[in-house]
Amino acid sequence: MELGKKKIVVLGGGESGTGAALLAQKLDFEIFVSDYSTIPLKYRTILEEQGIEFEMNTHSESRILDADLVIKSPGIPDESFIIKRIKHLGIEIIDEVEFAFLHSKAPVIAVTGSNGKTTTSTLIHHILKSSGIKSVLVGNIGHSYARAVAETAFDYAVVEVSSFQLDYCKFFKPQIAVLTNITPDHLDRYQNKFENYKQSKFRITSQQNQDDVLIYNAEDEHIKDLITSKTSKAQLLPFGMGSIPALSGASYGNAELQFKYKEKEMLISEEELPIKGNHNIQNTMAAGLASMATHLKSQKIKQSITTFTAVEHRLEMVKRIEGVVYINDSKATNVNSAYYALQTVQKPVVWIAGGVDKGNDYKALLPLVREKVKAIICLGKDNEKLFDAFSNVIDVMVTSESMTEAVGKAYELSSAGDTVLLSPACASFDLFKNYEDRGDQFKTQVNRLAL
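Here the structure is a predicted model, which means the values were calculated and not measured.

Caption draft 1: Representation of the sheet that holds strand S18 (residues 373–379) in the model. In space, the six strands of this open sheet follow the order S15-S16-S20-S17-S18-S19, with mixed pairing throughout. The open sheet has two edge strands with one neighbour each: strand S15 (316–321) and strand S19 (396–400). Ignoring which end each strand starts from, the neighbouring axes of this sheet average 20° apart. The sheet contacts of helix H16 (residues 403–413) involve strand S16 (324–328), strand S17 (349–353), S18, S19 and strand S20 (419–422), and relative to S18 the element is tilted by about 165°. In the packing of helix H17 (residues 435–449) onto the sheet, the strands contacted are S15, S16, S17 and S20, and the crossing angle to S15 comes to about 20°.

Shown next as structure tokens:
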């Protein structure tokens, strides 16, 4: 990409867009921010304080189409009118992650996947930070990579990257890439074609060479297909719950996680892991391998792993009230995440699910629902698909249109020994700002029960 371009338009004034604008300003580009919705106050304040021109609740088409380069926030779909116009005129569009990468010299550890990427990214960051390495945790996790480049000096960028972000990256080249798993998700943004989504995820390794590392889930059939059919020039480090690879990789056996990277080996007992469940064993394998590939000492990696605390909104234990455990898994925005949650928690379960459906197929959940779930509380504006999927196997299904109502019904339907699980399997945007807002509201309402 030609870095000498001067006239930049940023579409979207949230965390990603504001960060891109700050970096563009620092690099002395002419910058304009346009958001078709209302820009949150905290970001408006930053833009105003920095003298960055912006508009909201509209798109000034003539101004946007005069840009040399457009930096698109990942939440804006390709089908939007303004994106179609920009593409029609041949104006280059990139993601904020790409823009940040092109203006930073720090090595990158990038993590993608349908599930587990936040826990894996956060654990890698924790290991690096605990080892005295100045690391930033950025990207899809909710912190702007571009803003970190503009404002912070760091040794490593740990970047959680979504398929939406990868779609607009041409040059993004992580030294270490992690692919946790691929399950159907966001199909509404990929013409309802799973193959398109898979190819998007595999873009994480498209620019890697033989000096780089690709860490991948060797037991994920979709990843195995991509590894077989596509070419990655990177060194391949597989992980899985089966036998340990002959040369390098990670596996699980005899209640131990076993790691090999070149001449280094590391063992961690399952008992030592602070985060439980098979999915977290796999997340730990991926994070451990990534850390070994940075050439940290095994003892330091192991020590850091055992001091890690769980990610907020991911199987987060909120409270025990009258013998009922309340768990916040609001970050479970797809079926596979909800599967992990139902697999991990103890039965019987009062399950709070629903929201904006992303082309979900709930069939995979039926065995766990039959085995563990006593009641389902559907939290969303349109719950028809949930009722179609589960009404034949669950006697008690109720609807709710607020978190206050959902938690109140969960309290009524649960009894000592039960688990109330918020694990929606859907996006949050019908009733909430985002999954964090949904999880925070859940915790607030649960804590009120205890008063």
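This is not the end of the story, as more comes after the structure.
Caption draft 2: Structural context of the pattern of salt bridges. One pass over the structure, following the stated rule, counts 16 salt bridges. The partner of Arg63 in a salt bridge is Glu53, with the nearest N and O atoms 2.9 Å apart. Taken together, the residues span a long stretch of sequence, with Arg63 in helix H3 (residues 61–64) and Glu53 in strand S3 (residues 53–56) at a distance of 10 residues. Given a relative accessible area of 43%, Glu53 falls into the partly exposed group. Between Glu312 and Lys443 there is a salt bridge, and its shortest N-O distance comes to 2.6 Å. Here Glu312, found in the loop between helix H12 (298–305) and S15, pairs with Lys443, found in helix H17; they are 131 residues apart in sequence, far enough to count as distant. Several salt bridges share partner residues, and in doing so they unite Glu312, Glu316 and Lys443 into one network.

Caption draft 3: Examining unusual backbone geometry more closely. Each neighbour pair has its own omega, and for Lys347 with Pro348 the value is -5°, a cis peptide bond. In this fold, Pro348 is placed in the loop between helix H13 (335–344) and S17. Look at Asn254: it is not a glycine, yet its phi comes out positive at around 55°. Within the secondary structure layout, Asn254 lies in the loop between strand S12 (249–253) and strand S13 (256–261).

Caption draft 4: Just the pairing of S19, in detail. Here S18 pairs with S19 via five bridges, running parallel. Counterpart to Ile377 in the pairing with S19 is Val398. Running through helix H15 (residues 384–390), the crossover from S18 to the neighbouring parallel element S19 is right-handed.

Caption draft 5: Inspection of the pairing of strand S6 (residues 108–112) at higher detail. Burial runs high along S6: five of the five residues are buried. Side chains Val108, Ala110 and Thr112 project from S6 onto one buried face, and the interleaved Ile109 and Val111 project onto a second face that is buried too. Two elements, S6 and strand S8 (residues 156–160), share four bridges in a ladder whose sense is parallel. In the sheet register, Ala110 faces S8, and the bridge partner there is Val159. As paired elements, S6 and strand S9 (residues 176–179) share four bridges and run parallel to each other. Directly across from Thr112, in S9, lies its bridge partner Leu179.

Caption draft 6: Structural detail: the side chain of Ser121. Mapped onto the secondary structure, Ser121 falls in helix H6 (residues 117–130). Ignoring anything within four residues of it in the chain, the contact list for Ser121 reads Val111, Leu137, Val158 and Glu160.

Thresholds applied
- Residues numbered from 1 in each chain as written.
- Predicted model: local features only at pLDDT ≥ 70, side-chain atom pairs only at ≥ 80, totals over all residues.
- Heavy atoms only, no water.
- Pairing = 2+ DSSP bridges.
- Helix = DSSP H or I, 4+ residues; strand = E, 2+ residues; numbered from the N terminus.
- Axes fitted to C-alpha atoms, helices over the stretch in contact; angles between N-to-C directions.
- Contact = heavy atoms within 4.5 Å.
- Salt bridge = Lys/Arg side-chain N within 4 Å of Asp/Glu carboxyl O.
- Buried < 20%, exposed > 50% of the residue type's maximum accessible area, 1.4 Å probe, protein only.
- Right-handed = clockwise from strand over helix to strand, strands pointing away.

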